[in-house]
Amino acid sequence: MTAQRCGQIVEQVALVAPTDATVLILGDTGTGKELIARAVHRRSRRRDNPLVRVNCTSIPKELFESEFFGHAKGAFTGAIRDRAGRFETAAGGTLFLDEVGEIPLESQSKLLRVLQERSYERVAEEKTRYADVRIVAATNRDLQNEVATGRFREDLYYRLSVFPLKVASLRERQEDIPLLATHFVGLLVRELGCPEPRLTRAGIETLQNYDWPGNIRELRNVIERAVIFARGGALQFDLPGNAGHLTSLEPKRVGAVEPEYLTEPELRRRERENLLAVLQKTKWKIKGTDGAAAFLGIKPTT
């Protein structure tokens with residue numbers, strides 16, 4: 001399947017969103033799959049009802065049924081009251097299965113049954129409930145290859161890929177960068193309460209000349225830093241390889257003498273260097289046990 005550019009994705013979203021067809025979003029980490037899922041929900045007839053996101057990587061296989069379908073009081077140790085599952089919470093709306101390729105093989109049949117029969121039961125309860133949800137799934141895995149190697153059920157794959165959308169990585173669609181940059185600048189000005197900066201032609205060329213291993217997530221982070229530093233002036237982008245790169249990670253010279261003390265600007269520079277090094281190591285993933293926040297021992301919000 002050919003990866004699609006921004007304009008093509010917008011057209012496809014407009015086409016499929018008004019229907020109840022299941023959508024499967026494919027693409028590398030950081031390409032904006034969740035943004036597309038939210039766009040599908042906003043343009044659907046279910047937009048006034050919940051959009052419930054499930055990170056499939058975070059659900060232990062022994063709790064799969066409880067998380068998705070809910071449980072009755074006393075179903076297991078610690079089940080002190082009835083609990084609604086994600087299907088029930090998303091009733092009338094959209095259930096977004098993020099990283100669906102991470103669902104363990106032995107749990108996939110349980111999801112398949114609900115998709116086929118549109119019904120489920122809570123754990124330790126006989127009452128059958130109707131699953132009135134629209135399914136949008138996303139993954140960075142090649143599910144066809146996962147099927148071929150026996151790690152993903154073929155029947156579940158075909159249930160999910162009714163309307164597949166393959167998102168190109170940012171390095172494959174550099175013509176989209178001006179539009180994305182303009183969008184993020186406007187969004188971040190509102191979120192941060194900063195003066196509106198100027199996005200120059202030179203700035204856009206700087207963004208287009210970078211490879212973007214962290215995709216759209218990295219682009220947003222770079223623009224956010226630039227908006228804060230700009231103070232209403234022209235945006236200057238802090239990227240590896242830039243002549244004016246503020247966070248250059250050059251190795252120390254052999255025999256270089258460490259200064260006796262560091263000034264405040266030098267401390268800030270070194271902090272930026274360290275943050276960027278960790279973000280590059282984690283491919284701009286911030287949350288989770290393998291995210292930058294965990295490496296640094298700080299909260300993800302920091």
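Residues numbered from 1 in each chain as written. Predicted model: local features only at pLDDT ≥ 70, side-chain atom pairs only at ≥ 80, totals over all residues. Heavy atoms only, no water.

## A short note on the packing of aromatic side chains
Phase 1 of the analysis: Evaluated as defined, the whole model comprises nine aromatic pairs.
Phase 2 of the analysis: Within the aromatic cluster, the residues linked to one another by ring pairs are F64, F68, F69, F87 and Y120. (Phe/Tyr/Trp six-rings, centres within 6.5 Å; stacked < 30°, edge-to-face > 60°.)

## Brief notes about the sheet that holds strand β1 (residues 23–26)
Phase 1 of the analysis: Spatial strand order, β2-β5-β8-β1-β9: five strands in an open sheet with parallel pairing. The open sheet has two edge strands with one neighbour each: β2 (51–55) and β9 (163–166). Going from strand to strand, the sheet's axes swing by 15° on average, the running direction of each strand aside.
Phase 2 of the analysis: Relative to strand β8 (residues 134–139), β1 runs parallel, the two sharing four bridges. Across the sheet, L24 pairs through a bridge with A137, a residue of β8.
Phase 3 of the analysis: Taken strand by strand, helix α2 (residues 33–42) contacts β1, β2, β5 (94–98), β8 and β9, and its axis lies near 165° from that of β8. (Pairing = 2+ DSSP bridges. Helix = DSSP H or I, 4+ residues; strand = E, 2+ residues; numbered from the N terminus. Axes fitted to C-alpha atoms, helices over the stretch in contact; angles between N-to-C directions. Contact = heavy atoms within 4.5 Å.)

## As for the nonpolar core
Nonpolar side chains in soluble globular proteins tend to end up buried together.
Phase 1 of the analysis: If you look at the biggest cluster of nonpolar residues, it comprises 30 residues, and the most contacted ones within it are F68, F87, L95 and L97.
Phase 2 of the analysis: Residue assignment for this core shows that the elements contributing at least two residues are β1, β2, α3 (64–69), β5, α5 (105–117), β8, α6 (143–148) and α7 (154–160).
Phase 3 of the analysis: Broken down by element, the residue count for this core peaks at four residues, all from α5.
Phase 4 of the analysis: Every residue in contact with L97, bar those within four places of it in the chain, is listed here: V54, C56, F68, L111, I135, V136, A137 and A138.
Phase 5 of the analysis: Judged by nonpolar contacts, the second largest core, of 23 residues, contains L170, A181, Y210 and A230. (Core = buried A, V, L, I, M, F, W, Y, C linked by side-chain atoms within 4.5 Å. Buried < 20%, exposed > 50% of the residue type's maximum accessible area, 1.4 Å probe, protein only.)

## Things to note about the packing of helix α8 (residues 177–192) against helix α10 (residues 215–230)
Phase 1 of the analysis: With their axes 9 Å apart at the nearest point, α8 and α10 run at an angle of 55° to one another. Overall, the two elements α8 and α10 adopt an arrangement that is oblique. The handedness of the crossing between α8 and α10 is right-handed. When α8 is examined against α10, the residues L180, A181, F184, V185, L187, L188, V189, E191 and L192 are found in contact with a partner set consisting of I216, L219, R220, I223, E224, V227 and I228. (Parallel < 35°, antiparallel > 145°, perpendicular 65-115°, else oblique. Left-handed = near helix turned anticlockwise from the far one by under 90°.)

## Considerations on the pattern of salt bridges
Phase 1 of the analysis: Tallying each qualifying case throughout the model produces 23 salt bridges.
Phase 2 of the analysis: We note a salt bridge from E34 to R53, for which the minimum N-O separation is 3.5 Å. On the criterion of sequence distance, the pair formed by E34 in helix α2 and R53 in strand β2 is long-range, its members being 19 residues apart.
Phase 3 of the analysis: A residue is classified by how much of its surface remains accessible, and R53, at 37% relative accessible area, is partly exposed.
Phase 4 of the analysis: The shortest N-O distance in the salt bridge between E102 and R141 comes to 2.6 Å. Residue E102 is located in the loop between β5 and α5, and its partner R141 is located in the loop between β8 and α6; the two are separated by 39 residues in the primary sequence.
Phase 5 of the analysis: Since its relative accessible area comes to 27%, E102 is described here as partly exposed.
Phase 6 of the analysis: Among the ionic contacts, a cluster of salt bridges with common partners joins D20, R45, R46 and D132. (Salt bridge = Lys/Arg side-chain N within 4 Å of Asp/Glu carboxyl O.)

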